[in-house]
Amino acid sequence: MAMIRFENVTKRYRGTRRPALSGVDFEVDPGEFVFLVGASGSGKSTCLRLILREEVPSAGRVAVLGRDLRSLANRKVPYFRRHIGSVFQDFRLLPSKTVYQNVAFSLQVIGSSRGFIQQAVPEALALVGLDGKEKRMPHELSGGEQQRVAIARAIVNRPKILLADEPTGNLDPATSVGIMQLLTRINAGGTTVVMATHEAGFVDQMQRRVIELQDGEMVRDETGGGYGDTSNIPRLAPEAVRGAAAAAALTAVQEVHRQTTAMPVIEPETAPANDAGTDRQDAERAESPEAAPATASEPASATAAAAGDRPGADEPATVGPRTSQIPLPEVEVAELGVADRLGLSDDDDEEVGPTS
Ligand code: ADP
């Protein structure tokens, strides 16, 4: 079963002449890492919004996790979205809540048990390399750290799919490397990742699948591709800086690959039919993964320093002499879900809760 399937999808927004997407056709398999590239306005965010069912196609069909989103009842949408984590360019943290509370909140609004929250939140924060910063407020964090909180929030309920819309768009190249490593790691744990980006350097270096949009049309779908023609992309940093960051990214990402080759990829199943029952299961879930926190204190190589947000301080060292396995918790598919966007939308709040 495809994780995500677009069948000849056309999307016209009301009051616009040109369709935002026309005749887009692709399928994303479980465990894939897909870059969605294209100039601003080419339709990348529209694709992500269709996957989340924030928008519906004007023509064609979108199916996610085996569900035709056309026939998904409105009241089921919040449950459906628990299986999809999202991160954005602007982080979208709750400014008056601590790091811990930001991540916990998304579980609270879906009615997870206190026991589950107390276990899952520290695990998620350790995974993104933020243990020890639970009590910080968002404004006390660097941009890279804020994005890590957002990623922790997106994955705390173990989604099957992680959508990232320009997640490095507000970050400097060195900090972005750490975020790319993290997304690679999450993908290595079996989560399907779709990332919309302008970052040609990362796309070129990572050699993952690339779907390119141009004025709403899919002009390329390439396995292990690069960004393509970058002459129209504005550059925020000098070529040399970007080149160095991209090289560091490649080294780091290759290292993650090396460490994760032995890791089992989780085969997703059809989403459970009984949403309410699943929620209870979710809440009562108690696993004890050996979620070793990222090892920021270990000696960092030159590459790790280059890759660091604040070199040697904040970034989990995924390069250098570390030998432990990737600290991704074992994921049981039936228990996957996400609450990332919950609490950010009033509609959702009405729908969620242990008894709804
Ligand atoms: P990208 O993410 O690649 O920048 P978008 O998906 O945001 O592209 O936009 C694709 C096209 O759809 C653009 O022409 C944009 O102006 C238009 N568009 C996006 N959202 C809306 C909306 N809510 N209403 C009308 N037009 C929109």
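The structure presented is a predicted model; accordingly, all values stated were derived computationally and were not measured. (Residues numbered from 1 in each chain as written. Predicted model: local features only at pLDDT ≥ 70, side-chain atom pairs only at ≥ 80, totals over all residues. Heavy atoms only, no water.)

1. Considerations on the overall build of the protein chain
1) Next: Within the protein chain one finds eleven helices and ten strands.
2) Next: Considering the protein chain as a whole, with its 356 residues, one finds that 56% of them fall into the buried category.
3) Next: The contacts in the protein chain between residues at least 6 apart in sequence include a share of 76% that link residues at least 24 apart. (Helix = DSSP H or I, 4+ residues; strand = E, 2+ residues; numbered from the N terminus. Buried < 20%, exposed > 50% of the residue type's maximum accessible area, 1.4 Å probe, protein only. Contact = heavy atoms within 4.5 Å.)

2. Observations concerning the pattern of salt bridges
1) Next: Considering all chains together, one arrives at 14 salt bridges under this definition.
2) Next: Between R61 and D68 there is a salt bridge, and its shortest N-O distance comes to 3.0 Å.
3) Next: Here E123 makes a salt bridge to R158, at a shortest N to O gap of 2.7 Å. Of this pair, E123 sits in helix α4 (residues 114-127) while R158 sits in the loop between α5 (143-155) and β7 (161-165), placing them 35 residues apart in sequence. When sorted by exposure, E123 lands in the same class as R158, which is buried. (Salt bridge = Lys/Arg side-chain N within 4 Å of Asp/Glu carboxyl O.)

3. Looking at the site of the ligand
1) Next: Around the ligand sit Y13, T16, A20, A39, S40, G41, S42, G43, K44, S45, T46 and R49, and those are all the residues in its vicinity.
2) Next: At 2.7 Å, a side-chain N or O of S45 approaches an oxygen atom of the ligand.
3) Next: A distance of 3.2 Å separates a nitrogen atom of the ligand from a polar side-chain atom of R49.
4) Next: Burial of the ligand by the protein chains amounts to 64% of its free accessible area of 560 Å².
5) Next: Class assignment for the residues of the shell around the ligand results in three nonpolar, seven polar and two charged. (Near = heavy atom within 4 Å. Polar contact = N/O pair within 3.5 Å; in protein donor to acceptor, adjacent residues only side chain to side chain. Areas by Shrake-Rupley, 256 points an atom, 1.4 Å probe, with all protein chains shown as cover. Nonpolar A, V, L, I, M, F, W, Y, C, P; charged D, E, K, R; others polar.)

4. Looking at the packing of aromatic side chains
1) Next: Summed over all chains, the structure comprises two aromatic pairs.
2) Next: Ring geometry for F6 and F26: centres 4.5 Å apart, planes at 15 degrees, overall stacked. Of the two residues, F6 sits in strand β1 (residues 4-11) while F26 sits in strand β2 (residues 21-28), which places them 20 residues apart along the sequence.
3) Next: Take F6: its relative accessible area is 1%, and that puts it in the buried class.
4) Next: Positioned above the aromatic ring of F88 is the side chain of R92, whose terminal nitrogen or guanidinium carbon lies 3.7 Å from the ring centre. (Phe/Tyr/Trp six-rings, centres within 6.5 Å; stacked < 30°, edge-to-face > 60°. Lys NZ or Arg CZ within 6 Å of the ring centre and 35° of its normal.)

5. As for the confidence of the model for the protein chain
1) Next: Per-residue confidence for the protein chain gives a mean pLDDT of 76, with 63% of residues at or over 70.
2) Next: Note on residues 232-236: pLDDT is under 50 here. Beyond four places in sequence and across chains, it has five contacts. (pLDDT = per-residue confidence, 0-100.)

6. Points about helix α6 (residues 173-188)
1) Next: With 16 residues, α6 should cover 22 Å at 1.5 Å per step; its first-to-last C-alpha distance of 22 Å lies within 8% of that length.
2) Next: With respect to burial, α6 is a largely interior element, 15 of its 16 residues being buried.
3) Next: Two or three places before A174, at the start of α6, stands the capping residue D172, its side-chain oxygen 3.1 Å from that residue's backbone nitrogen.
4) Next: Phi for G190, located one or two positions after α6, is positive at around 110 degrees. (Expected span 1.5 Å × (residues − 1).)

7. Considerations on the environment of T98
1) Next: As for its position among the elements, T98 is in the loop between β6 (84-88) and α3 (99-108).
2) Next: Residue classification places T98 among the buried residues on the basis of a relative accessible area of 16%.
3) Next: For the pair T98 and V149, spaced 51 residues apart in sequence, the C-alpha to C-alpha distance is 9.9 Å.
4) Next: Beyond its immediate stretch of four places on either side in the chain, T98 contacts E134, K135, R136 and M137.

8. Description of the pairing of β6
Remember that side chains alternate between the two faces of the sheet whenever the strand is regular.
1) Next: Burial within β6 is extensive, with five of its five residues counted as buried.
2) Next: Where β6 and β7 come together, five bridges link them in parallel fashion. Of the residues in β7, the one forming a bridge with S86 is L163. (Pairing = 2+ DSSP bridges.)

9. A closer look at the sheet that holds strand β3 (residues 33-37)
1) Next: Spatially, the six strands line up as an open sheet ordered β6-β7-β8-β3-β9-β10, and their pairing is mixed. Two strands in the sheet have a free side with no partner beyond their single neighbour: β6 and β10 (217-222). For this sheet the average axis-to-axis angle between neighbouring strands, irrespective of direction, equals 15 degrees.
2) Next: As paired elements, β3 and strand β9 (residues 209-214) share four bridges and run parallel to each other. Bridging across to β9, L36 finds its partner in I211.
3) Next: Lying over the sheet, helix α1 (residues 44-51) contacts β3, β6, β7, β8 (192-197) and β9, oriented at roughly 150 degrees with respect to β7. (Axes fitted to C-alpha atoms, helices over the stretch in contact; angles between N-to-C directions.)

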